[in-house]
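# Structural characterization, general
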Amino acid sequence: MASMYILVQNSKEEVKVVLDQLPRYASDILDILKAEQAPFDLWLIIAREYFKQGKIEQFRQILEEGSSPEIDEYYADVRYDRIAILNALGAYYSYLGKIETKQREKEEHFKPGLADSAARARPAGPQPITTKSSTTLPTGIHGS
């Protein structure tokens, strides 16, 4: 029974999160992550655990929230972990696009905006390029 701890801000207390007993609703854990400004790598650990448990909607919610502009402000200096979240979300949508059989719905799964978010997190380097590749090359869309 793996668990992790989130430090409570301005306190010596911790919130214990048992990974195989995550809340049914991702919003419950998201509230804690945001309120305590939990280290960003914990966001990815929790999202991955939801995915491993087959709770795909919760997985997606954690990644979507972790890639939102609001979160960018709080975690501006945490570049690699933010890019890891964007890469995971890009991989998820690329997979959905790959397995979708209807062309219109297929195209909706590819999210070029994720590459733009990665580039804002780290304007130069291989991570934004990787994100851009995983989200745009399958569609045939090529940009600068």
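So, here's what we can say about the structure.

This paragraph deals with unusual backbone geometry. The backbone phi angle of Asn10 is positive, close to 55°, even though this residue is not glycine. Within the secondary structure, Asn10 sits in the loop between strand 1 (3-7) and strand 2 (14-18). Here the phi dihedral of Gln37 falls at roughly 45°; this positive angle occurs in a residue that is not glycine. With respect to the secondary-structure elements, Gln37 resides in the loop between helix 1 (26-35) and helix 2 (40-52).

The contact between helix 3 (residues 56-66) and helix 5 (residues 79-99) brings their axes to 9 Å, and the two run at 135°. Considered as vectors, helix 3 and helix 5 are oriented oblique to each other. Classified by chirality, the crossing of helix 5 by helix 3 is left-handed. Two secondary-structure elements touch here, helix 3 through Ile56, Phe59, Arg60, Leu63, Glu64 and Gly66 and helix 5 through Ile85, Ala88, Leu89, Tyr92 and Tyr93.

Rules used in this analysis
Sequence order as written defines the numbering, with residues in each chain counted from 1. Confidence filtering applies because this is a predicted model: local features only for residues at pLDDT of at least 70, side-chain atom pairs given and counted only at 80 or more, and all residues used for totals across whole chains, interfaces and linings. To get the side-chain values, all heavy atoms of the structure are used, and hydrogens and water are removed first. Helix and strand definitions here come from DSSP, where helices need a minimum of 4 consecutive H or I residues and strands a minimum of 2 consecutive E residues; each element is numbered from the N-terminal end. Interaxial angle, 0 to 180 degrees, is taken between N-to-C directions of lines fitted to C-alpha atoms, where a helix line uses only the stretch in contact. An angle below 35 degrees is treated as roughly parallel, one above 145 as roughly antiparallel, one from 65 to 115 as roughly perpendicular, and anything else as oblique. In this scheme, a crossing is called left-handed if the near helix is turned counterclockwise away from the far one by less than a right angle; it is called right-handed if the turn is clockwise. Throughout, a residue-residue contact means that at least one pair of heavy atoms, one from each residue, lies within 4.5 Å.

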